[in-house]
Amino acid sequence: MKQAIQSTYFLLLLALIVNACTGKETDKYPIQQADWESKQTSLDSFDHCTKGQTYLPLYSHIYHIHEHRTFDLTITVSMRNVSPSDTVYILHADYYNTLGENIRQYIDKPIYIKPLETIEIVIEEQDIDGGSGANFVFDWAAADTKNPPLFEAVMISTHGQQGLSFITRGVQIIQ
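These figures come from a predicted structure and were not determined experimentally. (Residues numbered from 1 in each chain as written. Predicted model: local features only at pLDDT ≥ 70, side-chain atom pairs only at ≥ 80, totals over all residues. Heavy atoms only, no water.)

Colleague: With reference to specific residues and values, describe the overall build of the protein.
Modeller: Along the protein, the regular secondary structure elements total one helix and twelve strands. Reading the secondary structure of the protein in the N-to-C direction produces α-β-β-β-β-β-β-β-β-β-β-β-β. Across the protein, the fraction of contacts at a sequence separation of at least 24, relative to all contacts at a separation of at least 6, is 75%. In the form shown here, the protein has an accessible surface area of approximately 11700 Å², with 52% of it arising from carbon and sulfur atoms. (Helix = DSSP H or I, 4+ residues; strand = E, 2+ residues; numbered from the N terminus. Contact = heavy atoms within 4.5 Å. Areas by Shrake-Rupley, 256 points an atom, 1.4 Å probe, with all protein chains shown as cover.)

As structure tokens, then:
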């Protein structure tokens, strides 16, 4: 009888653990993907702003063991307005591959980023068009360049028990 009770408690405990691990998680802070149309600005001219360009290096894959074997990565590109008071405008967000070919434009019309707001672009792990030398070039405008926008990327992948992640930061292109 004692062994039957212990077995019942063990099965109940096991069921509770499995249910807790597979239960639906509630999102305290749901992430909303950028709605590009709602972020479009009504400004026709940015002559009142200082304009800049930023280069952001990316890796849609990295090499593993040798040059013919790759490890594909998911890329999260963050466009951050670090100003606590001024809006930043993103005029273009162009995605280039390893060969320097413009393979995608993410912004059709200029968008705005409110003070301290972050907008993200996610490039899925299966999208390897960029290659190991992928990059973005952002054209931006801001009324005050004391706090220029910050562009960062997080590359990540997990397979089985192996995972890796790293970041890159944009550098301003001086012309």
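Colleague: A description of the pattern of salt bridges should follow, citing residues and the corresponding values.
Modeller: Counted under the stated rule, the structure contains six salt bridges. The partner of K39 in a salt bridge is E117, and the shortest N-O contact between them spans 2.8 Å. Linking K39 in the loop between α1 (2-22) and β1 (50-57) with E117 in the loop between β7 (111-113) and β8 (118-123), this pair joins segments that are 78 residues apart in sequence. Judged by relative accessible area, K39 falls into the buried class, the value being 9%. Where R104 meets D127, a salt bridge forms, and the shortest distance between an N and an O atom there is 2.9 Å. One end of the pair, R104, is in strand β6 (residues 102-105); the other, D127, is in the loop between β8 and β9 (135-142), and 23 residues separate them in sequence. Here the salt bridges share partners, and the residues they tie into one network are R80, E152 and R169. (Salt bridge = Lys/Arg side-chain N within 4 Å of Asp/Glu carboxyl O. Buried < 20%, exposed > 50% of the residue type's maximum accessible area, 1.4 Å probe, protein only.)

Colleague: Give me the nonpolar core: which residues, what numbers.
Modeller: In this structure, L58, V77, I90, F136 and F138 are the most contacted members of the largest nonpolar core, which totals 26 residues. The contacts of I90, once residues within four sequence positions are left out, are M79, I107, P110, I111, I113, F138, D139, W140 and F151. Membership of the second largest hydrophobic core comes to five residues, among which are F46, C49, L91 and A141. (Core = buried A, V, L, I, M, F, W, Y, C linked by side-chain atoms within 4.5 Å.)

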